[in-house]
Amino acid sequence: MRKIPVKTASAEYPVYVGFGLFPLLTRRIALKSGRRVFVLTSPEIWALWGKRFLAAFPRGAQPTTLFLPAGEPYKRLAQVERLAGEMAAAGADRSGLLIAFGGGIVGDLGGFLAAIYMRGIEYVQAPTTLLAQVDSSVGGKTGVNLAAGKNLIGSFHHPLAVFADIDVLQTLPERELRAGLYESVKAGIIRDAALFRFMERNAEAILRREPAALERVIAASIRMKAEVVGIDERESGLRMILNFGHTLGHAIEAATGYRRLLHGEAIAWGMLAALRIARKRGTVSAGEAERMERTIAAYGPTPEFRASVDRLMAAAGRDKKNRAGSRRFVLPRGIGDAVVVEDVTDAEMEDTTRAILATARL
Ligand SMILES: NC(=O)c1ccc[n+]([C@@H]2O[C@H](COP(=O)([O-])OP(=O)(O)OC[C@H]3O[C@@H](n4cnc5c(N)ncnc54)[C@H](O)[C@@H]3O)[C@@H](O)[C@H]2O)c1
Ligand SMILES: [Zn+2]
């Protein structure tokens, strides 16, 4: 088991990465007598892991289970209100504790529920997807979607601790695993050359879910993210590099109605787009760019999609991470090194969008 510290301006907590962590979770959350504990999860995850999860709690201190149906359409305020109502009905007060046991959707919505229930209660992240373990459970961003766009309502609320149990990944659908691994490839490209090399050389073992290989990738990805949010919690500078691949990636997700591609898959296309811009600008060498492209491909196949150039350009313009009048991109300078630029022109954007569409079209 590895323990990775997260230390930001507003919070300090550990991320545990390892195997069979449920007993550790129950030991660490200090089950004060009278404290109500709630587990937010999805029915699918609970069917697979609920029994083992509950077995880690003492008989007299069983948590109350709350359910969120799986899928992005449920990451909405209406669900937050329903769940808060259920907590109130079950007698939750300010000493209540919420455990978000699921993927990024459960984690984001659960964290937000904890942030606003009685103006804030404590919560714990128990991420069950690779993406949630390496990315969304760390950093304190919580929230839900609006009809107008993803994650438009939210708050920063850090958990007491994160328990990334690698055992639970054994039931994760293959496609979800690959999608999450793209975020780890991203972590390697932007800031951790050793992680990149490991993923470059060990794709097979990682995709076979060999425990030691997964542990190495997950721990390194978390360490990278913890470091970055430790330096820049509120995304005013360094944290922006985490958006490598996300400018076009978000646009692809929006232009395809969030249905065709998983988030990580859209990000894979987006990373290829950013690499093309970096190559054309000469900020990265052709040799290193090729290694990055090959490694992204090794975690594929990335599903194809259809979208018009205009639609993607418009969607990229609307990305909330862009400042007015400029198009922000994260461009790799080399393996393990990336930079945020604000001056990507419409012509560069259009060129890379066309190139990606030519490869991605069904
Ligand atoms: N807060 C952040 O910083 C941050 C960062 C990145 C992404 N996100 C958010 O994360 C969300 C995506 O998260 P995700 O990719 O984890 O998707 P998800 O939460 O939808 O989970 C994917 C699917 O896998 C199933 N599942 C989860 N764990 C499983 C397991 N162990 N075995 C079998 N099935 C399992 C789920 O029921 C679901 O159907 C998006 O809403 C995105 O906005 C947030
Ligand atoms: Zn992402």
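Sequence positions are assigned chain by chain, starting from 1 and proceeding in written order. For naming, the first written chain is A and the first written ligand is 1, with later ones following in the order written. Residue-level local features of this predicted model are given only where pLDDT is at least 70; pairs of side-chain atoms are given and counted only at 80 or more, and the full residue set underlies all totals for whole chains, interfaces and linings.

Below, the discussion takes up the overall build of the chain. The secondary structure listing takes helices from DSSP runs of H or I that are at least 4 residues long and strands from runs of E that are at least 2 residues long, numbered from the N terminus. When its secondary structure is counted, the chain shows 14 helices and 11 strands. With C-beta atoms placed from the backbone, a residue is buried if 20 or more other C-beta atoms are within 10 Å of its own, exposed if 12 or fewer are, and partly exposed between those counts. The proportion of buried residues among the 362 residues of the chain is 48%. We call two residues in contact if the C-beta atoms placed from their backbones are at most 7 Å apart. Partitioning the contacts of the chain with sequence separation of at least 6, the portion at a separation of at least 24 is 75%.

This part is about the domain arrangement of the chain. We note that the domain assignment places domain 1 (2–171) and domain 2 (174–360) within the chain. Facing 25 residues of domain 1, the contacting portion of domain 2 comprises 26 residues. Elements with a minimum of two residues in the side of domain 1 that touches domain 2: strand S1 (2–7), strand S2 (12–18) and helix H5 (130–136). Charged residues are taken to be Asp, Glu, Lys and Arg, nonpolar residues to be Ala, Val, Leu, Ile, Met, Phe, Trp, Tyr, Cys and Pro, and polar residues to be all remaining types, Gly included. Its residues assigned to classes, the side of domain 1 that touches domain 2 comprises 14 nonpolar, seven polar and four charged. An automatic or database domain assignment is the source of the domain bounds shown.

Every one of the 29 residues lining ligand 1 counts as a neighbour, but Gly103, Gly104, Thr128, Thr129 and Ser136 are closest to it. Of all the secondary structure elements, the ones that give two or more residues to the shell around ligand 1 are helix H2 (43–55), helix H4 (104–116), H5 and strand S8 (149–156). Taken together, the residues of the shell around ligand 1 break down into 10 nonpolar, 11 polar and eight charged. Any residue whose backbone-placed C-beta atom lies within 6 Å of a molecule or strand is treated as near that molecule or strand.

Looking now at unusual backbone geometry. Residue proline 301 is bonded to the preceding glycine 300 through a cis peptide linkage, with omega at 10°. Following the sequence through the fold, proline 301 ends up in the loop between helix H12 (286–298) and helix H13 (309–318). For arginine 119, which is not glycine, the phi dihedral falls at a positive 65°. Note on placement: arginine 119 falls in the loop between H4 and strand S6 (122–127). At glutamate 235, a position not held by glycine, the phi torsion is positive, near 60°.

Attention now moves to H12. One less than the residue count of a helix, multiplied by 1.5 Å, gives the span that helix is expected to have. Taking 1.5 Å per residue, 13 residues should reach 18 Å; H12 reaches 18 Å between its end C-alpha atoms and fits that length. Looking at H12, one finds that the buried residues are Glu288, Met292, Thr295 and Ile296. Take H12 and look down its axis: the buried residues cluster within an arc of 105°, on one side only. The exposed residues of H12 that point more than 90 degrees off its buried face are Ala286, Gly287 and Arg294. Summarising the contacts, the buried residues of H12 are in contact with helix H6 (174–191), helix H7 (193–201), helix H11 (263–281) and strand S10 (329–334). Regarding the arc, it is the one traced by the directions from the helix axis to the C-beta atoms.

Here H2 spans 17 Å end to end across 13 residues, near enough to the 18 Å set by a 1.5 Å rise per residue. One fitted axis covers the seven residues ending at a residue, a second covers the seven starting there, and the bend at that residue is the angle between these axes. If you look at H2, its biggest bend is around 65°, right at tryptophan 49. Within the sequence span of H2, burial applies to Ile45, Trp49 and Phe53. Contact partners of the buried residues in H2: helix H1 (22–28), strand S3 (37–41) and strand S5 (97–102).

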